[in-house]
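Read off the chains here:
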Amino acid sequence: MKKNEKEKVIRLVRIYSSFTFELEELNGKETLAKAVDVFRARIIGAEEIVGCEPTKKTKIGVYQSVGVGAPLHFFAEFKKDPKSLCWTEAQIVDLCRKKRTLLLLSGANLFLFKKKNGILAFAEVIVEKNWILDLSLTVYSLDHSKVYDSCRVFIPTKA
């Protein structure tokens, strides 16, 4: 990939806009590090935490990338305070467990969240190409230089 190709204008297109997908209220006890039943292929970079705050019913916004970009650029497209775009760890686990059909099969699925120290990070969920389509999870800092040419970005919205 040429250097200027990484700097192309990227954008996110909302998909499933005529459908409403929601997560139910959650008690906040599930964490990424302990969700081995969901992320059966591997879990990398998730920290052990006690849990997070309970959450209310939350609608799911699903966006598909058009063009090449880094997660920092994708989340900046929303022109909102990044903290308002964050999921809790319990919500990421629940979405990957119960709304698995929303996940992109041939690319990364990205979720913004706050780590226990309050620093923003993103969870990359990949559907592994084995016969049972296991999920793998890797946690990166938001400023990580990884570049994606195909990804799906999930954003929480109020129910």
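Residues numbered from 1 in each chain as written. Predicted model: local features only at pLDDT ≥ 70, side-chain atom pairs only at ≥ 80, totals over all residues. Heavy atoms only, no water.

Q: Would you mind showing me how to read empty space enclosed by the protein here?
A: One pass over the structure, following the stated rule, counts 1 cavity of 30 Å³ or more. Quantified by volume, the largest cavity comes out at close to 40 Å³. Surrounding the largest cavity, Leu32, Gly45, Ala46, Glu47, Glu89, Phe113, Lys115 and Val139 form its lining. Per-class residue counts for the lining of the largest cavity are 4 nonpolar, 1 polar and 3 charged. (1 Å grid on protein atoms, 1.4 Å probe; cavity = no way out; pocket = protein on both sides within 12 Å on 5 of 7 lines; lining within 4 Å. Points joined across faces, edges and corners; volume = space filled by probe spheres on them. Nonpolar A, V, L, I, M, F, W, Y, C, P; charged D, E, K, R; others polar.)

Q: Sorry, what's going on with the nonpolar core here?
A: Soluble globular proteins: nonpolar side chains tend toward being buried together. Grouped together as the largest cluster of nonpolar side chains are 25 residues, with contacts concentrated most on Phe39, Cys96, Leu103, Phe111 and Phe154. Elements with a contribution of two residues or more to this core: strand E4 (58-66), helix H3 (89-98), strand E5 (108-114), strand E6 (120-127) and strand E7 (135-141). Not counting residues within four places of it along the chain, the set of residues in contact with Cys96 comprises Val38, Phe39, Leu103, Phe111, Val125 and Leu135. Counting 18 residues, the second-largest nonpolar core is a separate cluster that includes Phe78, Tyr140, Val153 and Ile155. (Core = buried A, V, L, I, M, F, W, Y, C linked by side-chain atoms within 4.5 Å. Buried < 20%, exposed > 50% of the residue type's maximum accessible area, 1.4 Å probe, protein only. Helix = DSSP H or I, 4+ residues; strand = E, 2+ residues; numbered from the N terminus. Contact = heavy atoms within 4.5 Å.)

Q: How should I be thinking about the pairing of E4 in this particular structure?
A: If a strand is regular, its side chains alternate between the two faces of the sheet. Most of E4 sits inside the fold, with 7 of its 9 residues counted as buried. Sheet topology note: the strand E1 (residues 11-15)/E4 ladder contains 5 bridges and is antiparallel. The residue bridging Arg14 from the neighbouring strand is Tyr63, located in E4. Bridging between strand E2 (residues 22-23) and E4 involves 2 bridges; their strand directions are antiparallel. In the strand pairing of E4, Glu22 is matched with Lys59. (Pairing = 2+ DSSP bridges.)

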